[in-house]
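Understanding the architecture of this molecule
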Amino acid sequence: MPPKTKTAFFCQNCGVESPKWVGKCPSCGEWNTFVEEVIVKTNNKQTVGSNGQTPNKPQKISDIETSEEKRYDTQNNELNRVLGGGLVPGSMVLIGGEPGIGKSTLALQIALNLKNHTTLYISGEESAQQIKLRGNRLNSDNDRCLIVSETSMENIFSHIKNTKPDILVIDSIQTLGTQVVESAPGSVSQIRECTAQLLRFAKESSVPVLLIGHITKDGNLAGPKILEHIVDTVLQFEGDQNHMYRILRATKNRFGSTSEMGIYEMRSNGLREVSNPSELLLSSNEESLSGVAISASMEGMRPFLIEVQALVSTAAYGTPQRSSTGFDLRRLNMLLAVLEKRAGFRIGTKDVFLNIAGGIKVNDPAIDLAVIIAVLSSSMDISLPKEVCFAGEIGLSSEIRPVNRIDQRISEAEKLGFKHIFIPKNNSKGLDTSKFKIKIHFVSKVGQVFQTLFKQ
Ligand code: TYD
Ligand code: MG
């Protein structure tokens, strides 16, 4: 019997299906996102247990056998770290990012670096010649990296059959289409069906699949949310077009932590791994300037020192402006309110601009103390000694709260030649200070740091 075709409406944002058009999505609340798509319903009625597969038997968790998980080393330490130690066989990794951020470059670089594995790189966006030109820029060659420009799923599976790749790269999922679904590539039903087919392939063959995905103008991955549910790992590739740094973050990872990040620098010959971020994130100004404070931060398991810059000036107009790059504006407002109310600094009528060096967004709360000190330093126009750094979270009553992994922060600061570090008093428990040469100042209130630094 020929399959019965019918149409339905799908929310392009979250993938919810509706039999009729609706203006506002009942599931995600977005407006005007419903688009009519043709769907094919195959009428194979299935009852439980009759799908031809032998059902799995439930077993005790202690009885389940695990083999030592083997991972592919991508020859790219930053990516390995973000993935949680390498690419897991049979896993599906989605890399999302704005156009031009370097997703295709990253994927091609990985494919070219994997010298001992056959990689099939499928591009629906560029011709093979264009990819070759990019390969030339990367100065790298690998005969086991096969390139094909293709958008049809049926053809892709025949290429897979012919080339038997160890790793599959799809650039991008939004350009693929399968005959099973009649709607255009990039539509919800196409993305859903193509991803499902690729997932089935990945799980059956244990070939890892790297998917590249577009993002919408609000920074979400384009296509249905279910895309993010299906894949094992979602990586976001972000960065400022005007800065050369690129950050790779995991926002979901079934095989590792999501707090790790990888840092790259976009060069004329591709992405370079930045293995020691502190050196890049600290400016090499010889003279010390007011409004600059260094924070001993952590991202995931990796400590690094980062420069916080603040500019405080008298508001030219009635309402003071607050602006921040790389730091949550609401958190900045909260910190300014704490300074005003609890520590008695008058900055309510001042403009405050805050910038984290390198255009990097830091999620670590321990950066609070450096933010406050940078603001105070700029406000009083007193520069800090160059060899001082800070780590501490600020609470609403201006208390300095303990932070995690204090040992690593102190060691990193010491390694980079800092002479003084201000850390929360509550972190002193169990900390062996004798092993450090750096002078450790334990502080519990913002006022105390202020007294030490500015009132000598
Ligand atoms: P691309 O990987 O095409 O981005 P995406 O796939 O995310 O859209 O990279 C695009 C940008 O990177 C482009 O503006 C040029 C720049 N680039 C370099 O600076 N150096 C290089 O070696 C390469 C290959 C690209
Ligand atoms: Mg691309």
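Residues numbered from 1 in each chain as written. Chains lettered and ligands numbered in written order. Predicted model: local features only at pLDDT ≥ 70, side-chain atom pairs only at ≥ 80, totals over all residues. Heavy atoms only, no water.

1. Comments concerning the pairing of strand 20 (residues 420–424)
Most of strand 20 sits out of view: 4 of its 5 residues are buried. In the sheet, strand 17 (residues 388–390) pairs with strand 20 via 3 bridges, with the strands oriented parallel. Residue pairing in the sheet places V388 in a bridge with H420 of strand 20. The pairing of strand 20 with strand 21 (residues 439–443) spans 5 bridges and is classified as parallel. Its bridge partner lying in strand 21, H420 is registered against K439. (Buried < 20%, exposed > 50% of the residue type's maximum accessible area, 1.4 Å probe, protein only. Helix = DSSP H or I, 4+ residues; strand = E, 2+ residues; numbered from the N terminus. Pairing = 2+ DSSP bridges.)

2. Here we look at the site of ligand 1
In the neighbourhood of ligand 1, 15 residues make up the surrounding shell, with G100, S104, T105, R267 and G270 lying closest. One of the backbone N or O atoms of I101 is found 3.4 Å from an oxygen atom in ligand 1. Here an oxygen atom of ligand 1 and a backbone polar atom of G102 are 3.0 Å apart. Within the complex, 75% of the 560 Å² of free accessible area of ligand 1 lies under protein. Of all elements in the fold, only helix 2 (103–113), helix 3 (128–138) and strand 11 (261–267) reach the threshold of two or more residues within the shell around ligand 1. At 3 residues, helix 2 tops the list of elements feeding residues into the shell around ligand 1. Its residues assigned to classes, the shell around ligand 1 shows 3 nonpolar, 7 polar and 5 charged. (Near = heavy atom within 4 Å. Polar contact = N/O pair within 3.5 Å; in protein donor to acceptor, adjacent residues only side chain to side chain. Areas by Shrake-Rupley, 256 points an atom, 1.4 Å probe, with all protein chains shown as cover. Nonpolar A, V, L, I, M, F, W, Y, C, P; charged D, E, K, R; others polar.)

3. A look at the UniProt feature "binding site: ATP" (unreviewed entry) in the protein
UniProt records the feature "binding site: ATP" (unreviewed entry) at G97, E98, P99, G100, I101, G102, K103 and S104, using the numbering of this structure. Counting through the fold element by element, E98 comes out in the loop between strand 4 (92–97) and helix 2. Look at E98 and you get partly exposed, because its relative accessible area is 40%. Once residues lying within four places of it in the same chain are set aside, the contact partners of E98 are K103, I215 and F237. (UniProt positions renumbered as here; feature names shortened; annotations may be inferred. Contact = heavy atoms within 4.5 Å.)

4. Digging into the packing of aromatic side chains
All chains considered together, the criterion is met by 5 aromatic pairs. Ring centres of F157 and F201 lie 6.1 Å apart, and the angle between their planes is 70°; on these two criteria the pair is classed as edge-to-face. With F157 in helix 4 (residues 153–163) and F201 in helix 5 (residues 188–205), this pair connects stretches of sequence that are 44 residues apart. Since its relative accessible area comes to 25%, F157 is described here as partly exposed. (Phe/Tyr/Trp six-rings, centres within 6.5 Å; stacked < 30°, edge-to-face > 60°.)

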